[in-house]
Amino acid sequence: MATAANTAPSISVDRQFDFRDADFTRVRKMIHARAGISLGTHKREMVYSRLARRLRALGRQDFGSYLDQLENEPDAAEWEDFVNALTTNLTAFFRESHHFPILSEFAQKRGGPVSVWCCAASTGEEPYSIAITLAEALGPRASGCTVLATDIDTNVLNRARTAVYPAERVAKMEDSRLKRFFLKGRGANAGQVRVRPEIADMVRYETLNLLAPSWPISEKFDVIFCRNVMIYFDKPTQAKILERFVPLLKPGGLLFAGHSENFTYISRDFRLRGQTVYECAGRA
């Protein structure tokens, strides 16, 4: 690998902090080792912008000392803020909508309570969309369904647990669905909606790093939603995560992937069943 030893450092004179090539390289290595995220070179400005906020909050004068602290203190609380700052949380209710009729049909055929793991819960729109779909598909039988919603970003999980959203987040939702599954805020809460308790209670939020040596999960799932997560990992990391999914899926279980993710050439444990939907093939 080429180094920057003989390259002049890149410094922007209009920035509050110097951000050299070596600093960016360190950040990329550290976030990959900690969270498996592979940051492309085009992410340099994003990295500076987000981490500069941490330097200001901590009263740091430069990136070097900030990164030194993290490397010297692997258990420091700041690691959580470092990872949170570099995590992208683009989400919406019923995003990639073609998946939810498939989930509905699968749940109806399954018959009994369905268990789902949502690997990238973000601010909660996806796990609540899953819970709503199960409620619509199963009616009273949905009371036994569970959705484990995990994310590496603790900040977004805290927001998800409130189950409260600006009204514009659900503006495109059908009126019948909105009235059935959300409560409209009044008075001081005007302009907000809250997911109804019977839906919110189906979802359990936990912090989880997909790269952790072990996952605090003992249950098996009918469905795993791992959408728009793998794109941040390199192919070997993707393969390892998929391998770890296999024993956590019940026979015939489904794995939902993001629109730009293709696992066909990464793992033999999953066979394509529909548009970015995979069935666990199991192992001989």
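Residues numbered from 1 in each chain as written. Predicted model: local features only at pLDDT ≥ 70, side-chain atom pairs only at ≥ 80, totals over all residues. Heavy atoms only, no water.

Caption draft 1: Highlighting the pairing of strand β10 (residues 277–280). Taken together, the three bridges between strand β8 (residues 249–257) and β10 define a ladder with antiparallel strand orientation. If you follow Phe-256 over to β10, its bridge partner there is Val-277. Across four bridges, the pairing between strand β9 (residues 270–274) and β10 is antiparallel. By the bridge assignment, Leu-272 is partnered in β10 with Tyr-278. Between β9 and β10, which follow one another and run antiparallel, lie two residues, and Thr-276 among them has a positive phi close to 55 degrees. (Pairing = 2+ DSSP bridges. Helix = DSSP H or I, 4+ residues; strand = E, 2+ residues; numbered from the N terminus.)

Caption draft 2: View of helix α6 (residues 125–138). With 14 residues, α6 should cover 20 Å at 1.5 Å per step; its first-to-last C-alpha distance of 20 Å lies within 8% of that length. Most of α6 sits inside the fold, with 13 of its 14 residues counted as buried. (Expected span 1.5 Å × (residues − 1). Buried < 20%, exposed > 50% of the residue type's maximum accessible area, 1.4 Å probe, protein only.)

Caption draft 3: Broad picture of the environment of Asn-262. As for its placement among the helices and strands, Asn-262 is situated in the loop between β8 and β9. Separated by 240 residues in sequence, Asn-262 and Ala-22 place their C-alpha atoms 33 Å apart. There is a polar contact of 3.4 Å between the side chain of Asn-262 and the side chain of Tyr-278. (Polar contact = N/O pair within 3.5 Å; in protein donor to acceptor, adjacent residues only side chain to side chain.)

Caption draft 4: Focus on the sheet that holds strand β5 (residues 192–195). Pairing within the open sheet is antiparallel, and its three strands lie in the order β3-β5-β4. A single partner strand is all that each edge strand has here, and the edge strands are β3 (164–166) and β4 (182–184). Averaged over neighbouring strand pairs, the angle between their axes works out to 30 degrees when direction is ignored. In this structure, β4 lies alongside β5, joined through three bridges in antiparallel fashion. Residue pairing in the sheet places Lys-184 in a bridge with Val-193 of β5. (Axes fitted to C-alpha atoms, helices over the stretch in contact; angles between N-to-C directions.)

Caption draft 5: The arrangement of the nonpolar core in detail. Within the largest apolar cluster, 52 residues are counted, with the highest numbers of intra-cluster contacts made by Phe-82, Trp-117, Trp-215 and Phe-245. When residues of this core are traced back to their parent elements, those giving at least two are α1 (21–35), α2 (44–58), α3 (63–72), α4 (78–85), β7 (221–226), α10 (235–245), β8 and β10. Setting aside residues no more than four positions away along its own chain, Trp-117 makes contact with Leu-148, Thr-150, Leu-208, Leu-210, Trp-215, Ile-217, Phe-221, Val-223, Ile-224, Phe-225, Phe-245 and Leu-248. (Core = buried A, V, L, I, M, F, W, Y, C linked by side-chain atoms within 4.5 Å. Contact = heavy atoms within 4.5 Å.)

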